[in-house]
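The primary structure of each chain is shown beneath.
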Amino acid sequence: SFAWVAAAASIFLANKSTYKATETLARVQENSRLAFEMMARDIREARGSACDSTMIPASMLNAPVSWWSDLPNGIRGYENGALAGSAAGTDSLQVVSATSGSYAISKMATSADPIHLTTTTHDLATGDILLLCDFKCATIFQATATTANGSNTVNHAASPPPGTPPPGNSVNTLTCNASDLTSRAYDIDAVIGKVKATRWYIANNASGGTSLYRAQVQKGVLQPGEEVVEGVTDMTLSYLVNGGTAYQAAASIDAANAWTTVVSVRIVLTLQGNEKVNGAVVSRNLSHVVYMRNQSL
């Protein structure tokens, strides 16, 4: 009878260990699905524009070499903790687009005039980085005066009012695009919307481990990162360019100045379970490929 009890206990413990391993692995896989789904949604919006995504916009902004200058690229990868705030040895990604919340405008008399929307119901506010475009021209600037949901006027003064976050506008006249700096008074076929940037990276969390984080830029200012999935210890990103046969690291894309030709991103996440099984941490490398919708080719 002792042998029977010992055998039953052994079976029970084995089943318990198997259940624990299965449950932990299922949780890891569920976390990976959440991470991949959210990252894919942002990556598919990269370099998106309500107008021509191949056009390089003219910039009215002070200090123009910043995240908003990456709109034509859409994405930019970083290796080995190079993105500020990311964990050493991990890859990270910044996605830039202007696809959400586009609004039609009324005809402008001159390029220095305030921009009048055809609606008073919108989400544009003072300090927002905006893209105004049609199918000939595109201009990036900062709104220096507007009221979301109530006013249909967006100002683009050269000197922002006190309290407006950086960078401000260097001039108050709209120009056509980076290759044509003649003044541009946009017509009724133009639309306006926010330029947004989103960053994905691995960083330390409050529990003493690491997690996958997502951070957004609002009104030109990087916001604190939001923890998306706990237990992500590493992220490796590689990129396929149009016509390419192999995925490449970010350094290779940088060296070739080829971000505008990237057509897909391969994401490999290393995730760990919260509980040990048989004294060991459950860890899995899981991968996902995201194809970009807005290709500037």
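Report on the accompanying structure. (Residues numbered from 1 in each chain as written. Predicted model: local features only at pLDDT ≥ 70, side-chain atom pairs only at ≥ 80, totals over all residues. Heavy atoms only, no water.)

Digging into the overall build of the protein
- Looking only at helices and strands, the protein features two helices and 18 strands.
- Out of the 297 residues in the protein, the part that is buried amounts to 44%.
- Looking at the protein alone, contacts between residues at least 24 apart form 64% of all its contacts between residues at least 6 apart.
- For the protein, the computed accessible surface area is about 14000 Å², with 53% contributed by carbon and sulfur atoms. (Helix = DSSP H or I, 4+ residues; strand = E, 2+ residues; numbered from the N terminus. Buried < 20%, exposed > 50% of the residue type's maximum accessible area, 1.4 Å probe, protein only. Contact = heavy atoms within 4.5 Å. Areas by Shrake-Rupley, 256 points an atom, 1.4 Å probe, with all protein chains shown as cover.)

Description of the nonpolar core
- I75, L212, Y239 and I267 are the most contacted members of the largest nonpolar core, which totals 31 residues.
- I267 has contacts with F36, M39, I43, M235, T236, L237, L286, S287, H288 and V290, leaving out every residue within four places of it along the chain.
- The next biggest cluster of nonpolar side chains, apart from the first, holds 18 residues, and it includes Y103, I105, I115 and L124. (Core = buried A, V, L, I, M, F, W, Y, C linked by side-chain atoms within 4.5 Å.)

Structural notes on the state of the cysteines
- Within the structure shown, the criterion is met by two disulfides.
- Bridging C51 to C133, the disulfide has an S-S length of 2.1 Å. An S-S torsion of about 85° defines the bridge between C51 and C133 as right-handed. Here the residue C51 occupies a position in the loop between α1 (2-44) and β1 (58-59), and C133 occupies one in strand β6 (residues 129-133), the gap between them amounting to 82 residues. Each member of the pair C51 and C133 is classed as buried. (Disulfide = S-S within 2.5 Å.)

Re the environment of I253
- Mapped onto the fold, I253 is located in helix α2 (residues 250-255).
- The exposure class assigned to I253 is buried, which follows from its relative accessible area of 0%.
- Taking the C-alpha atoms as reference points, I253 and S238, 15 residues apart in sequence, are found 9.4 Å from one another.

Focus: the pairing of β6
- Counting buried positions over the five residues of β6 gives five, a clear majority of the element.
- Residues I129, L131 and C133 point to one face of β6 and L130 and L132 to the other, with burial holding for every one of them.
- In terms of strand pairing, β6 meets strand β7 (residues 138-142) through five bridges, oriented antiparallel. Note on β7: the bridge partner recorded for L131 is I140.
- Direction of pairing for β6 relative to strand β11 (residues 191-194): antiparallel, over a ladder of four bridges. Bridge pairing links L131 to G193 in β11. (Pairing = 2+ DSSP bridges.)

A word on the side chain of T146
- Within the secondary structure layout, T146 lies in the loop between β7 and β8 (153-154).
- The residues touching T146, leaving out its near neighbours within four places in the chain, are H122, L124, A125, T126, T153 and V154.

Let's talk about unusual backbone geometry
- We note that N80 has phi near 55°; this positive angle belongs to a residue other than glycine.
- Its location among the elements puts N80 in the loop between β2 (75-78) and β3 (92-97).

A short note on the packing of aromatic side chains
- According to the stated counting rule, one finds three aromatic pairs in the structure shown.
- Each ring, one from Y201 and one from Y213, has its centre 5.9 Å from the other, and the planes form 15°; the classification is stacked. Of this pair, Y201 sits in strand β12 (residues 196-204) while Y213 is found in strand β13 (residues 210-218), placing the two residues 12 residues apart along the sequence. For the pair formed by Y201 and Y213, the shared burial category is buried.
- Seen in terms of ring centroids, Y239 and W259 are 4.9 Å apart; in terms of plane orientation they differ by 85°. Their pairing is edge-to-face. Here W259 lies in the loop between α2 and β17 (262-277) and Y239 lies in strand β16 (residues 232-241), a separation of 20 residues in the sequence. Neither residue differs from the other here; Y239 and W259 are each classed as buried.
- Looking at R184, its charged tip hangs above the ring of Y186, at a distance of 5.3 Å from the centre. (Phe/Tyr/Trp six-rings, centres within 6.5 Å; stacked < 30°, edge-to-face > 60°. Lys NZ or Arg CZ within 6 Å of the ring centre and 35° of its normal.)

The values reported here are purely geometric and, on their own, carry no functional implication.
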